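Chain by chain, the residues:
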There are 2 protein chains.
Amino acid sequence: MTKDIRDYIRTIPDFPHEGILFRDVTTLFGDAQGLRLSVDLIVEACRDKAIDKVAGLEARGFILGGAVAHQLGLGFVPIRKAGKLPGATISEHYALEYGTATMELHDDALQAGERILLVDDLIATGGTAAAGIKLVERLGAQVVQASFIIDLPDLKGRDVVEKMGVPVQVLCAFEGL
Amino acid sequence: MTKDIRDYIRTIPDFPHEGILFRDVTTLFGDAQGLRLSVDLIVEACRDKAIDKVAGLEARGFILGGAVAHQLGLGFVPIRKAGKLPGATISEHYALEYGTATMELHDDALQAGERILLVDDLIATGGTAAAGIKLVERLGAQVVQASFIIDLPDLKGRDVVEKMGVPVQVLCAFEGL
């Protein structure tokens, strides 16, 4: 029987802190068939969307995004945590459970009008993805698809992204936290 | 005229601190031809090496490693900074200019006997790469090729890795710091 995306994902209790069930994609990426299936499903979903570049969210989004960009024959643009990108950047703050965090994008990484595929391993509250979309839009480009391997539907991040007018693809979902 | 790998790389002075010329691969990865050329050169060099898995060093090694693993039809394994991997890990410390840092690998990420391609964007002193190689070897696997986009030959990291018995591929070099 063909394995589903979910079958490759390992759940680790109490990471990063007690009470959290962490959905670990390293077992998916570490498996040749798992990585291939993930990339194929995302590439298939954006075939008719005339994507110009792939953007990925640090750090697990880099693994997936590098593979997807290469398969599509496109360049890859990293959206990183504060202080990691060496050139001139624009930044967006977003809320965490306690406090805020910041994502950055090189201010010359995208051209106005470019059509962007945004990828990450997981969508939870959607805060990081929303920050990424805002960064792309501030450079005059447009996220035409946001693809995630895992959705945590209880946290409603998908709604947050869709309300920004960005179509969302998720490859699987895990109910509960 | 065909562009060389070096032509895609941007140099940013005084990052992360004054006096450093930072070699920025985001302009290479962001260009479709640049990313493709990097992946092709690495894949070509390991064609006859019977690689089982690709391992990449956090975080720029994830972008390149994801693409290379996908092109080779293999799984990808992340080697991460301390505290980032959710499962049980092994760890290796290595020296920085001031103090030490730690790299980690899931203790079940590789099988004994597996042949590993290690990738990162840049080799400087070789500290991070050496830690990665030690982690792979502690699981009974073997790094049969270590590929880097950029070599900083003045820092002699290539010698460090080659003295561990690991063949090194670099796609370009920048003299001076």
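Calculation criteria
Residues numbered from 1 in each chain as written. Chains lettered and ligands numbered in written order. Predicted model: local features only at pLDDT ≥ 70, side-chain atom pairs only at ≥ 80, totals over all residues. Heavy atoms only, no water. Least-squares fit on C-alpha atoms with pLDDT ≥ 70 in both. Contact = heavy atoms within 4.5 Å. Helix = DSSP H or I, 4+ residues; strand = E, 2+ residues; numbered from the N terminus. Expected span 1.5 Å × (residues − 1). Buried < 20%, exposed > 50% of the residue type's maximum accessible area, 1.4 Å probe, protein only. Arc of directions from axis to C-beta. Polar contact = N/O pair within 3.5 Å; in protein donor to acceptor, adjacent residues only side chain to side chain. Buried area = accessible area lost by both parts, 1.4 Å probe. Salt bridge = Lys/Arg side-chain N within 4 Å of Asp/Glu carboxyl O.

Caption draft 1: A look at the relation of the copies chain B and chain A. After a rotation of 180° and a shift along the axis of 0.0 Å, chain B superposes on chain A with an RMSD of 0.0 Å. Look at the turn and shift together and you get a two-fold axis relating the two. When C-alpha distances to the rotation axis are compared across chain B, the minimum falls at A67 of chain B, with a value of 1.9 Å. In this assembly the copies share their binding face: 100% of the residues contributing to the interface of chain B also contribute to that of chain A.

Caption draft 2: Local environment of helix 3 (residues 32–45) of chain A. All names here are of chain A. Taking 1.5 Å of rise per residue, the 14 residues of helix 3 would be expected to cover 20 Å, and the 20 Å separating its terminal C-alpha atoms lies within 8% of that figure. Those residues of helix 3 not exposed but buried are G34, L35, S38, V39, I42 and V43. Seen along its axis, helix 3 keeps its buried residues to an arc of 155°; they face one direction. Helix 3 presents Q33 and E44 as exposed residues on the side facing more than 90 degrees away from its buried surface. The distance from a side-chain oxygen at the start of helix 3 to the backbone nitrogen of Q33 is 2.9 Å, and the residue carrying that oxygen is D31.

Caption draft 3: Region of interest: the interface of chain B and chain A. On the side of chain A, 38 residues touch chain B, which itself brings 38 residues to the contact. Taken over both partners, the interface formed by chain B and chain A buries close to 3000 Å², and the fraction arising from carbon and sulfur atoms is 61%. For R10 of chain B, the salt bridge goes to D108 of chain A, with nearest N and O atoms at 2.8 Å. There are 12 residue pairs in polar contact (both at pLDDT 80 or more) connecting chain B and chain A. Among the secondary structure elements, those contributing two or more residues to the side of chain B that touches chain A are strand 1 (10–13), strand 2 (21–24), helix 2 (26–29), helix 3 (32–45), helix 4 (60–72) and strand 4 (75–81) of chain B.

Read these as layout, nothing more, since geometry by itself doesn't imply function.
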